[in-house]
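Architecture and fold: a report
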Amino acid sequence: MSKYLVIPRRADSPMTHAQGSTEESVCEIAKNLLHYPGPSDYLMAIPADTKVATFALVKDDALCSIEVTKKTLDTWRKDVTNIRDAIDSFQSARAHAENLLDQALGDLDEAYENSTGFQGYTPSDDISVYGALEEMGANDLDYTFQRSLQEMYKFQVLRRQTA
Amino acid sequence: MTKYLVFKNQPDSGHVNEPGSRQEMASEIANVVSQDRMPANYYIAFPIDHPSTTLESLKGLAMYAVEITDETAEIWGNEIQEMVRKAHMVDDAVSEASGGIYQAMMDYNNSIQASNNFQGLTELSIKALDRMFEYFELESSYEVPTKVEEIFSVEYFEDHHV
């Protein structure tokens, strides 16, 4: 198990992590769990048991700490991207579905409202994907997945990012 | 008021409903209440006292009887046709929406199953999704046919030949 602190990389710092290194992966994990707005290149991972790490803590530079093993790094590289992509695809399919139904139902509602023989019924009252998908747990996908990642990497926020 | 009997049109019958006629209207009404969205001229209608009605009745029993008055014909043209079209658009939207979400759910569930450490995450229920969209389809397709049935005093003949 290796523990790392993640700090913002200074804009003028020439140091970057080697491609495929543990540090590079730690920065990607941190970016994801912190919802860091910039690319992961803007972050640096420092082993927690080094003087530089202690210095970063004293200076209040460290954004978070993350613990990794070979197995959890493999998980990050192999599984997380797939699941994250699947969640993103699901959310976009859902948005598309809601959009399609909203539009079609809006037209139908309007036709009912303007009719003389069909008033008193609003189709969209009975047909909505919002509530139904929520009941199926679709709203919690992101949160649940994020929580399991936080536990897996023993993620701890050390300093809140400034907006 | 004129009563029409509506039959399933045989492919080789040579009959078509005259466009814009009350017979065509009666056939479309049958199509709406059947909820099957069949193509034009799938049904053929004749006024009840028309000689063809007797002839068609000999070949196959009528499927529906439909009553049309000038007033209900006007409602059909002014309101119902548009409403049917919009209800069909909702059906189509439900089909498209369900297809997209179904695929995305399967991909999500597969990605969890294929993972080493995330199999504990809850899979999304495909059955619940099916139930949800079935319910939507029922809801979107129920109201208009029910009202049409009422307005045009549609009768079903249960022992018709299909």
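Before reading on, note that the structure itself is shown above.
First, a word on scope: everything that follows refers to the structure included in this document. Throughout, a residue's number is its position along its own chain's written sequence, starting from 1. Lettering of chains starts at A and numbering of ligands starts at 1, both following the order in which they are written. Reporting of local features is limited, given that this is a predicted model, to residues whose pLDDT is at least 70; pairs of side-chain atoms are given and counted only at 80 or more, and all residues count toward the totals for whole chains, interfaces and linings. Side-chain measures here rest on the full set of heavy atoms in the structure, leaving out hydrogens and waters.

Some points on the overall build of chain B
A count of helical and extended segments in chain B gives four helices and four strands. A run of DSSP states H or I qualifies as a helix once it reaches four residues; a run of E qualifies as a strand once it reaches two. Both are numbered from the N-terminal end. Going from N to C terminus, chain B has its helices and strands arranged as β-α-β-α-β-α-α-β. For 162 residues, the compact-globule estimate of 2.2 N^0.38 gives 15 Å, and the C-alpha radius of gyration of chain B, at 22 Å, exceeds that figure by more than 25%. In what follows, residue pairs with any heavy atoms lying within 4.5 Å of each other are defined as contacts. Of all intrachain contacts in chain B linking residues separated by at least 6 positions in sequence, the fraction that spans at least 24 positions is 77%. Put simply, chain B shows about 8700 Å² of open surface, and 49% of that area lies on carbon and sulfur atoms. Measuring between centres, the 10 positive side-chain charges of chain B sit 2 Å from its 28 negative side-chain charges. All radius of gyration figures rest on C-alpha atoms, and the globule criterion is 2.2 Å times the number of residues raised to 0.38. Surface accessibility follows the Shrake-Rupley procedure with a 1.4 Å probe radius. Residue values consider only the protein chains on display as shielding. For the purpose of charge, His is not counted, nor are the chain termini; Lys and Arg are scored as positive and Asp and Glu as negative. To locate a charge, take NZ of a lysine, CZ of an arginine, CG of an aspartate or CD of a glutamate.

Regarding the packing of aromatic side chains
All names here are of chain B. Planes of paired rings set the category: under 30 degrees apart is stacked, over 60 is edge-to-face and the rest tilted, where pairs are Phe, Tyr or Trp rings (Trp by its six-membered ring) whose centres lie within 6.5 Å. According to the stated counting rule, one finds seven aromatic pairs over all chains in the structure shown. Between the aromatic rings of phenylalanine 7 and phenylalanine 46, the centroid separation amounts to 6.2 Å while the plane-to-plane angle is 55°, which identifies the pairing as tilted. Taken together, the residues phenylalanine 7 in strand β1 (residues 2–8) and phenylalanine 46 in strand β2 (residues 43–47) connect sequence positions 39 residues apart. For the residue pair phenylalanine 7 and phenylalanine 46, the accessibility class agrees, reading buried in each case. Ring geometry for tryptophan 76 versus phenylalanine 152: centroids 6.0 Å apart, planes at 80°, classification edge-to-face. Throughout, exposure labels follow a simple rule: accessible area from a 1.4 Å probe, protein chains only, divided by the maximum for the residue type, with under 20% read as buried, over 50% as exposed, and the rest as partly exposed.

A short note on the packing of helix α1 (residues 22–34) of chain A against helix α3 (residues 70–114) of chain A
Residues and elements named next belong to chain A. Where α1 contacts α3, the axes come no closer than 11 Å and their chain directions differ by 35°. As α1 packs across α3, the resulting crossing turns out to be left-handed. When α1 is examined against α3, the residues Thr22, Ser25, Glu28, Ile29 and Asn32 are found in contact with a partner set consisting of Leu73, Trp76, Arg77 and Arg84. Throughout this entry, Asp, Glu, Lys and Arg are counted as charged residues, while Ala, Val, Leu, Ile, Met, Phe, Trp, Tyr, Cys and Pro are counted as nonpolar. The remaining residues, Gly among them, count as polar. Residues belonging to the contact of α1 with α3 are distributed by class as follows: three nonpolar, three polar and three charged. Whenever a helix is involved, its axis is fitted only over the stretch in contact; in every case the axis is a line through C-alpha atoms, and angles between N-to-C directions fall within 0 to 180 degrees. Left-handed describes a crossing whose near helix is turned anticlockwise from the far helix through less than a right angle; right-handed describes the clockwise counterpart.

Describing the interface of chain A and chain B
Contacts between chain A and chain B engage 42 residues on the former and 39 residues on the latter. A carboxyl oxygen of Asp or Glu within 4 Å of a side-chain nitrogen of Lys or Arg is what we treat as a salt bridge. Inspection of the chain A/chain B interface yields zero salt bridges. In protein, a polar contact requires one atom able to donate a hydrogen and another able to accept it; more generally it is a pair of N or O atoms within 3.5 Å, and residues adjacent in sequence count only if both atoms are side-chain atoms. Counting across the chain A and chain B interface gives four residue pairs in polar contact (both at pLDDT 80 or more). Of all the secondary structure elements, the ones that give two or more residues to the side of chain A that touches chain B are α3, α4 (129–135) and α5 (141–152) of chain A. Looking at the side of chain A that touches chain B element by element, the count peaks at 22 residues for α3(A). Of the residues belonging to the side of chain A that touches chain B, the class tally is 26 nonpolar, eleven polar and five charged.

Structural notes on the side chain of B:Asn9
Residues and elements named next belong to chain B. Looking at where asparagine 9 falls in the secondary structure, it is placed in the loop between β1 and α1 (22–34). Accessibility expressed as a relative area gives 10% for asparagine 9, which makes it buried. Side-chain polar atoms of asparagine 9 contact the backbone oxygen of asparagine 41, separated by 3.1 Å. Other than its neighbours up to four places away in sequence, asparagine 9 contacts His15, Asn41, Tyr42, Tyr43 and Ile44.

Brief notes about α1(B)
Residues three or four positions apart in an α-helix share a direction because the helix packs 3.6 residues into each turn. To estimate how far a helix should extend, the number of its residues minus one is multiplied by 1.5 Å. The end-to-end C-alpha separation of α1(B) is 18 Å, in line with the 18 Å expected for 13 residues at 1.5 Å each. In this fold, the buried residues of α1(B) make contact with β1, β2, β3 (64–68), α3 (70–114), α4 (126–151) and β4 (155–156) of chain B.

Re the pattern of salt bridges
Residue and element names in this part refer to chain B. Taken as a whole, this structure holds nine salt bridges over all chains when the rule is applied. When the shortest N-O distance is used, the salt bridge between glutamate 155 and lysine 3 registers 2.8 Å. Placement of glutamate 155 in strand β4 and of lysine 3 in strand β1 is noted, with a sequence separation of 152 residues between them. Residue glutamate 155 is classed as partly exposed on the basis of its relative accessible area of 33%. Taking the relative accessible area as the measure of exposure, lysine 3 reaches 24% and is therefore partly exposed.

Overview of the environment of A:Asn99
Residues and elements named next belong to chain A. Relative to the helices and strands, asparagine 99 is located in helix α3. On the accessibility criterion, asparagine 99 (48% relative accessible area) is partly exposed. Put simply, asparagine 99 and lysine 154 are 55 residues apart on the chain and 38 Å apart in space, counted from C-alpha to C-alpha.

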